[in-house]
Each structure stands twice: as structure tokens, then as C-alpha cells.
Amino acid sequence: MFKKQWPAFVLAFVLPLLAVFWWWGGFNPVNVTETEAGPYRYAYLDYDGPISNVRKSHRTALDRFTASRVAAGDTISVILTDPRAANGKVRAQLGYTLADSAPIPEGLKEGRIERRPVYVAQVQAAVLLAPSKAYQALSDTLASRGLAIVMPTVELYRPSGQANRIGIFTLEMNR
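Cut-offs used in this document
Residues numbered from 1 in each chain as written. Predicted model: local features only at pLDDT ≥ 70, side-chain atom pairs only at ≥ 80, totals over all residues. Heavy atoms only, no water. Phe/Tyr/Trp six-rings, centres within 6.5 Å; stacked < 30°, edge-to-face > 60°. Buried < 20%, exposed > 50% of the residue type's maximum accessible area, 1.4 Å probe, protein only. Helix = DSSP H or I, 4+ residues; strand = E, 2+ residues; numbered from the N terminus. Lys, Arg positive; Asp, Glu negative; His and termini not counted. Salt bridge = Lys/Arg side-chain N within 4 Å of Asp/Glu carboxyl O. Polar contact = N/O pair within 3.5 Å; in protein donor to acceptor, adjacent residues only side chain to side chain. Contact = heavy atoms within 4.5 Å. Patch = residues over 30% accessible without salt bridge, like charges linked within 9 Å, V, L, I, M, F, W, Y side chains within 5 Å. Areas by Shrake-Rupley, 256 points an atom, 1.4 Å probe, with all protein chains shown as cover.

S.K.: Looking at this model, I keep getting lost on the packing of aromatic side chains. Mind explaining?
M.R.: Under the defined criterion, the tally for this structure stands at two aromatic pairs. Seen in terms of ring centroids, tyrosine 42 and tyrosine 44 are 5.5 Å apart; in terms of plane orientation they differ by 45 degrees. Their pairing is tilted. For tyrosine 42, a relative accessible area of 3% gives the class buried. Between phenylalanine 65 and tyrosine 96 the ring centres are 5.7 Å apart and the planes differ by 75 degrees, which places this aromatic pair in the edge-to-face class. Taken as a pair, phenylalanine 65 in helix H2 (residues 54-68) and tyrosine 96 in strand E4 (residues 89-97) lie far apart in primary sequence, 31 residues in all.

S.K.: Is there a simple way to think about the side chain of lysine 133 in this case?
M.R.: Mapped onto the secondary structure, lysine 133 falls in helix H3 (residues 130-143). Here lysine 133 is buried and forms no salt bridge, its nearest opposite-charge partner aspartate 140 lying at an N-O distance of 10 Å. A distance of 3.0 Å separates the side chain of lysine 133 from the backbone oxygen of glycine 26, its partner in a polar contact. If we skip the residues at most four places from it in the chain, lysine 133 touches Gly25, Gly26, Asn28, Val30 and Val123.

S.K.: Teacher, can you tell me more about the environment of proline 152 here?
M.R.: Relative to the helices and strands, proline 152 resides in the loop between H3 and strand E7 (153-158). For the pair formed by proline 152 and glutamate 172, sequence separation is 20 residues and the distance between their alpha carbons is 9.0 Å. Discounting chain neighbours no more than four positions away, the residues touching proline 152 are Val78, Ile79 and Leu80.

S.K.: Before we go on, may I ask you to explain a nonpolar patch on the surface in this structure?
M.R.: A cluster of nonpolar side chains, Phe13, Val14, Leu15, Leu18, Val20, Phe21, Trp22, Trp23, Trp24, Phe27, Val127 and Leu128, forms an exposed patch at the surface whose accessible area comes to about 1200 Å². Inspection of the secondary structure assignment puts valine 14 in helix H1 (residues 2-23). Given a relative accessible area of 31%, valine 14 falls into the partly exposed group.

As C-alpha cells, this is what we get:
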């Protein structure tokens, strides 16, 4: 019975899944380079909890930007601890980049990261898929050099500005 139905199964389930994965950027390559990055000025909330819940804190930070009528830049996450070492829990600073002259939205803290030499992994993919692709590519590149990922890392996500386009995710680790 299954032999006769496999084309329908492929058309109904497998192809749509592959199409969504492609649309989210699942097949896009990750570029890993050595460069300099920064400086960054950002407003953030401290976060301590499961890595799966960081989006809620980003949303809270964005709500504070909106309430204070301050323009939010790119999403920024400064991941201070390794989630692999703490069963998926992290300490992080979650927020948005700020223009140099912008005020700090009420209820948020100001953070600054100076210009520094970094390893950068960059991919154009959906925000839910991009971090795993970028961390894996960075880990593979570092492993070939006898190195490993060291925290803290800085994650930046720049949306494309269009509903049908995927943004650019950038992962930075100090060299």
C-alpha cells in the first residue's frame, strides 16, 4: 500500500518542509572570517534562564524602546555563559543597538562594546534557524585550528525590513 502512496507523501509533506527550510535560509552558507567589529552602544535587560526564552526578553526590551519613543537598532544578545555547560541556561544581556545620541529607554541599562578583533560567522537566515547554523560553522572552523568557542559571544540580527525577506545574523567571538 505504501509503495503506491509514496509520491503523494513526498508532494504533501516532504516538499513543503524542504520549501520552508529553504525559505528560512536553511541551505544558505555561513561565512566565517577574522576581522574587527564594534564599537556598539546598546540598551539591554539582564537575563538569566533557558536559552529558549530569550525572545520574550527581547520583546520586553523592544516594548520599552517603543514606550520611550527611542528608535531601536539591530537586535543584540551578549551571551555571557555557555548554554552547553548549564543544561540550556544562560546569563545574557538582551536588547537593541542605539545611536550614539539616543537616550536610554526607561527600565533598560546601557552597554558598550569597544572595537576588537573577532571571529565572525554570518548567515542570511530566519532568526530561529540562524544561531544554530552560525555556532556550528564557527565551531567547525575553530576546531580545524585546534580552538573552541569561548564565551562571551555577541549575536546581532538585522531584519531585512521586508516581510518576505530573511534578515542577516552575525555571531562574534573575541580572538
